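Given next are the chains, with one letter for each unit.
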2 protein chains.
Amino acid sequence: MTSRTTISDVARAAGVSIKTVSRVLNKERYVRPDTREKVEAAVAALSFSPSLAARSLAGKRSFQIALIHDTHSPYYIHAIQEGVWARCREAGVRMLAQPVDIAAPTLIAEIAGLIDETHVDGIILSPPISDSLLVLHELERRRIPFVRISPGTNHTLTSSVFMDDVQAADDMTTHLIDLGHRVIGFIQGHPNHMASEQRLFGYRRALDRAGVPYEPGLVHAGAFDFASGVAAAHSLLSYPHRPTAIFASNDDMAAGVLAVAHGKGIAVPRELSVAGFDDTPLAQLVWPPLTTIRQPTRELGWAAAALLFEKRDELEHRSLPHELVARASTANPTQTSALRDLTTKPVSRK
Amino acid sequence: MTSRTTISDVARAAGVSIKTVSRVLNKERYVRPDTREKVEAAVAALSFSPSLAARSLAGKRSFQIALIHDTHSPYYIHAIQEGVWARCREAGVRMLAQPVDIAAPTLIAEIAGLIDETHVDGIILSPPISDSLLVLHELERRRIPFVRISPGTNHTLTSSVFMDDVQAADDMTTHLIDLGHRVIGFIQGHPNHMASEQRLFGYRRALDRAGVPYEPGLVHAGAFDFASGVAAAHSLLSYPHRPTAIFASNDDMAAGVLAVAHGKGIAVPRELSVAGFDDTPLAQLVWPPLTTIRQPTRELGWAAAALLFEKRDELEHRSLPHELVARASTANPTQTSALRDLTTKPVSRK
DNA sequence: CTGTTAGCGCTTTCAT
DNA sequence: ATGAAAGCGCTAACAG
């Protein structure tokens, strides 16, 4: 039974005390360069990885953060996880991806248990959890740092990262208008996500600007899933003032529109233009490929982690796509950094 | 600064020693029922969750397992994660979902670091990591329990869970033959995954049994992604002996076939039947919906965790879909349990 | 700049 | 059936 390699082994190998090894591990100042090198050599030679358990027990940090997400939308969660993990590994921090059910009555207990069990240093909330008041209150009560991804409410009250959904939906609608469409259907997202409202707002804003009259009958409810896209398409396509284009609030619903169009023998895009939102892989797997808007999901995850690590300055040294915005909590004075790049236009695929 | 609730707080509240609380927490025997109840009441009253850090430092277990997965195929990973997590929460064990890049030269170092840092009690490997010899050797060297999901090689040498790909592919091919098809194209999966070979074998076995001659020109390489499905479809559809049905080894590639068919104006399914494999949500999002085979991905995750917890007997008390098979390591004598249910047939969707 | 000492919150071992 | 003491591997607070 070979027991684990500990900091004492490293100290012995390097000929220093364990405290010095600890200093090197934690990148503290006041270590002579040659001492540091000796220790680093010993760490490498023994391929030593310090026990997180011991570190969190003894110290103030656990070197772990939690990413809390609902169990739906695999594409979205996957992209967020990738982004968060990328930033975490740079920082030498472990990411605990925790699926939860936002509707579960035990939600708070589960998150509280997670925090108590793991001592995570911070939490990232992805939508729709990022808008759960219960969760937000609990985290605030425990004074644990957290960042919300794409919250629908109170952006400014807490640290959060999000894209400009209004502008993006405006862009897409404008794109469709430029294509000559004047009767444009719109399928809303799930009411849980406030992005839904913002996308609708962007749609209306673009119509207004172009002088195209807004017609409530052209807007249909949806829930971000294929089935609601199908239902909405059936309804919109039998509307007397039948739309020549349908803009769905996400790709899954847009795929539903495509399916209905195919079923009814409506040629896409000749007789009907179909637009989605989020640019999931799905957009390219359906036929014809969707005109869609890229949501910088991976980057949102990356930025959320960066913000959590209080390295907001890093955001300014990276070019982030579309309208990714990161805000820090109002607890800090200078906190708003808004970044844009030039690739904000809707992406048309052939 | 309210400090954390500890086992001492619980002990005080219950009027017992911390050791007794520990006994209750660990479900040890030799605790008087009324004592146990007092402790449980105190735990609930204080909503106490023990520190995993302290537990892993002091004890032999960490109450954590790692799920190691490659970064591709969101649907698949998501389903696996769900299954593993479901079983873990039943067991009161934390799941650490760890994305890795199988091609990274640091793969082994990363996994070793993960183990050292977190003291995980066990590891679940999802494909294609489940076939990485380097990883397998490292885990064996460290004598850490692990379970492989859908390994392509040496099923019997280690604990693993998998479905019967040969039978499933045979089923689908038979289904197509029953539909009257005699010229059936086949698109292989990624060579990394041994499921690819088995699916091909099932295809050939069904052809043989039905007396349909095997034609190498009807089999095309693929890589489990949309693009390779597109490429294969172009090739197969211009083959002199043009197939009336194409069976792709997964849904993404089948979606690629659909796209090509649509582009060429080939009517599906009138002129060409398209079949997929895995029954991802994608199968229902394309048009027309794919005929596909359900892979019990979530159940595989569940079973992998169950096997890891050495509760193999549980497998026998649950009805698992399709041909889910769980094997324990040859280190244990009685290890093979094969389960089937009746819903093995390919799923035809309209 | 480096070392010593005292814990962190639990489980283990050994008493009783 | 329960408790007391020791210690897991590290960091914090001091010394020097």
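Criteria and cut-off values
- Residues numbered from 1 in each chain as written.
- Chains lettered and ligands numbered in written order.
- Predicted model: local features only at pLDDT ≥ 70, side-chain atom pairs only at ≥ 80, totals over all residues.
- Heavy atoms only, no water.
- Near = heavy atom within 4 Å.
- Polar contact = N/O pair within 3.5 Å; in protein donor to acceptor, adjacent residues only side chain to side chain.
- Helix = DSSP H or I, 4+ residues; strand = E, 2+ residues; numbered from the N terminus.
- Nonpolar A, V, L, I, M, F, W, Y, C, P; charged D, E, K, R; others polar.
- UniProt positions renumbered as here; feature names shortened; annotations may be inferred.
- Contact = heavy atoms within 4.5 Å.
- Buried area = accessible area lost by both parts, 1.4 Å probe.
- Salt bridge = Lys/Arg side-chain N within 4 Å of Asp/Glu carboxyl O.
- Core = buried A, V, L, I, M, F, W, Y, C linked by side-chain atoms within 4.5 Å.
- Buried < 20%, exposed > 50% of the residue type's maximum accessible area, 1.4 Å probe, protein only.
- Least-squares fit on C-alpha atoms with pLDDT ≥ 70 in both.
- Pairing = 2+ DSSP bridges.
- Axes fitted to C-alpha atoms, helices over the stretch in contact; angles between N-to-C directions.
- Expected span 1.5 Å × (residues − 1).
- Arc of directions from axis to C-beta.
- Parallel < 35°, antiparallel > 145°, perpendicular 65-115°, else oblique.
- Left-handed = near helix turned anticlockwise from the far one by under 90°.
- Phe/Tyr/Trp six-rings, centres within 6.5 Å; stacked < 30°, edge-to-face > 60°.
- Lys NZ or Arg CZ within 6 Å of the ring centre and 35° of its normal.

Draft legend 1. Molecular detail of the protein's contact with DNA strand C. Close contacts around DNA strand C come from 27 residues, with T20 and T35 of chain A together with I7, K19 and S22 of chain B the closest. In the interface set of DNA strand C, defined as its atoms within 4 Å of the protein, sugar plus phosphate atoms amount to 64%. I7 of chain B places a polar main-chain atom, nitrogen or oxygen, 2.7 Å from a phosphate oxygen of DNA strand C. Within the side chain of S22 of chain B, an N or O atom sits 2.6 Å from a phosphate oxygen of DNA strand C. Those elements giving two or more residues to the surface near DNA strand C turn out to be α2 (18–25) and α4 (52–58) of chain A together with α2 (18–25) and α4 (52–58) of chain B. Residue contributions to the surface near DNA strand C peak at four residues, all from α4 of chain B. In terms of residue class, the surface near DNA strand C is made up of 12 nonpolar, eight polar and seven charged.

Draft legend 2. Fine view of the UniProt feature "domain: HTH lacI-type" (unreviewed entry) in chain A. As annotated by UniProt and renumbered to match this structure, "domain: HTH lacI-type" (unreviewed entry) occupies residues 5–59 of chain A. From the first C-alpha to the last, residues 5–59 of chain A spans 20 Å; its make-up is 65% helix and 0% strand.

Draft legend 3. Structural context of the interface of chain A and chain B. Of the residues lining the interface, 43 residues belong to chain A; the matching set on chain B comes to 43 residues. Of the roughly 3,900 Å² buried between chain A and chain B on both sides combined, carbon and sulfur atoms contribute 58%. Three residues, R94, E117 and L285 of chain A, lead the burial of chain A against chain B; their summed loss comes to 17% of the area buried on that side. The interface formed by chain A and chain B includes four salt bridges. A salt bridge links R94 of chain A to E117 of chain B, with the nearest nitrogen and oxygen atoms 2.4 Å apart. Linking chain A to chain B there are 13 residue pairs in polar contact (both at pLDDT 80 or more). Looking at the side of chain A that touches chain B, the elements that each hand over two or more residues are α4, α5 (74–91), β2 (94–100), α6 (107–118), α11 (251–263) and α12 (282–285) of chain A. With eight residues, the top contributor of residues to the side of chain A that touches chain B is α5 of chain A. Classifying every residue of the side of chain A that touches chain B by side-chain character gives 20 nonpolar, 15 polar and eight charged.

Draft legend 4. Seen up close, the protein's contact with DNA strand D. Around DNA strand D, the surrounding shell holds 26 residues, and the nearest of these are I7 and S22 of chain A together with T20, Y30 and T35 of chain B. Close to the protein, within 4 Å, the atoms of DNA strand D are drawn from sugar and phosphate at a rate of 68%. Of all the elements in the fold, those that place two or more residues in the surface near DNA strand D are α2 and α4 of chain A together with α2 and α4 of chain B. Looking at the surface near DNA strand D residue by residue, the classes come out as 11 nonpolar, eight polar and seven charged.

Draft legend 5. Representation of the nonpolar core in the model. Grouped together as the largest cluster of nonpolar side chains are 54 residues, with contacts concentrated most on I187, L272 and V274 of chain A together with I187, L272 and V274 of chain B. Taken together, the elements giving at least two residues each to this core come down to α10 (226–237), β8 (245–248), α11 and α12 of chain A together with α10 (226–237), β8 (245–248), α11 (251–264) and α12 (282–285) of chain B. Every residue in contact with I187 of chain A, bar those within four places of it in the chain, is listed here: H220, A221, G222, G229, A232, L236, I246, F247, A248, S249, M253 and V257 of chain A. One finds I80, V84, C88 and L307 of chain B within the second-largest nonpolar core, a separate group that totals 24 residues.

Draft legend 6. Representation of the relation of the copies chain A and chain B. Each copy superposes on the other: chain A lies on chain B with an RMSD of 0.1 Å after a rotation of 180° and an axial shift of 0.0 Å. What the superposition gives is, in effect, a two-fold axis relating one chain to the other. In terms of C-alpha distance to the rotation axis, chain A has A53 of chain A as its closest residue, with the C-alpha 2.0 Å off the axis. When the interface residues of chain A are mapped onto chain B, 100% of them again lie at the interface, so the same face is used by both copies.

Draft legend 7. A look at the pairing of strand β5 (residues 160–163) of chain B. Residues and elements named next belong to chain B. Residues S160 and F162 line one face of β5 and the alternating positions V161 and M163 line the opposite face, and both faces are buried. Two strands pair when backbone bridges link them, and strand β4 (residues 146–149) and β5 are joined in this way by two bridges, in the parallel orientation. Among the inter-strand pairings, I149 is bridged to a residue of β5, identified as V161.

Draft legend 8. Inspection of the sheet that holds strand β9 (residues 273–275) of chain A at higher detail. Residues and elements named next belong to chain A. Within the open sheet, the four strands sit side by side as β7-β6-β8-β9. Their pairing is parallel. In this open sheet, the two edge strands, each paired with only one partner strand, are β7 (219–220) and β9. Both strand β6 (residues 184–187) and β7 contribute to a ladder of two bridges, which runs parallel. Bridged to F186 within β7 is V219. Where helix α9 (residues 195–210) meets the sheet, it contacts β6, β7 and β8, and its direction lies at approximately 165° from that of β6. Strand contacts of α10: β6, β7 and β8, with the helix running at about 150° to β6, the strand carrying the most contacts.

Draft legend 9. Here's a closer look at unusual backbone geometry. Here the residue pair W287 of chain A and P288 of chain A is connected by a cis peptide bond, since its omega of -10° sits within 30 degrees of zero. Mapped onto the secondary structure, P288 of chain A falls in the loop between α12 and α13 (297–308). Following V268 of chain B, the chain continues to P269 of chain B via a peptide bond in cis, the omega torsion being 0°. Assignment of secondary structure puts P269 of chain B in the loop between α11 and β9 (273–275).

Draft legend 10. Looking closely at helix α3 (residues 33–45) of chain A. All names here are of chain A. The first and last C-alpha atoms of α3 sit 18 Å apart over 13 residues, in line with the 18 Å expected at 1.5 Å per residue. Buried within α3 we find T35, V39, A42 and V43. The buried residues of α3 occupy an angular sector of 105° when the element is viewed end-on, so they sit on one face. Residues of α3 that are exposed and point over 90 degrees away from its buried face: P33, E37, A44 and A45.

Draft legend 11. Region of the structure containing the packing of α6 of chain A against helix α7 (residues 133–141) of chain A. Residues and elements named next belong to chain A. In contact at an axis separation of 10 Å, α6 and α7 are set at 30° when each is read in the N-to-C sense. In terms of their interaxial angle, α6 and α7 are classed as roughly parallel. Like other packed secondary-structure pairs, α6 and α7 cross with a definite hand, here right-handed. Two secondary-structure elements touch here, α6 through L107, I108, I111, A112 and I115 and α7 through L134, V135, E138 and L139. Tallied by class, the residues present in the contact of α6 with α7 amount to eight nonpolar, no polar and one charged.

Draft legend 12. Geometry of the packing of aromatic side chains. Inspection of the entire model under this criterion finds seven aromatic pairs over all chains. On the basis of an interplanar angle of 40° and a centroid distance of 4.9 Å, the ring pair of Y75 of chain A and Y75 of chain B is categorised as tilted. Of this pair, Y75 of chain A sits in helix α5 while Y75 of chain B sits in helix α5 (residues 74–91), on two different chains. Across the pair, exposure class does not vary: Y75 of chain A and Y75 of chain B are buried alike. Connected via pairs of aromatic rings, a cluster forms that spans F186, Y203, F247 and F277 of chain A. When the ring centre of F63 of chain A is taken as reference, the NZ or CZ atom of R55 of chain A above it lies at 3.8 Å.

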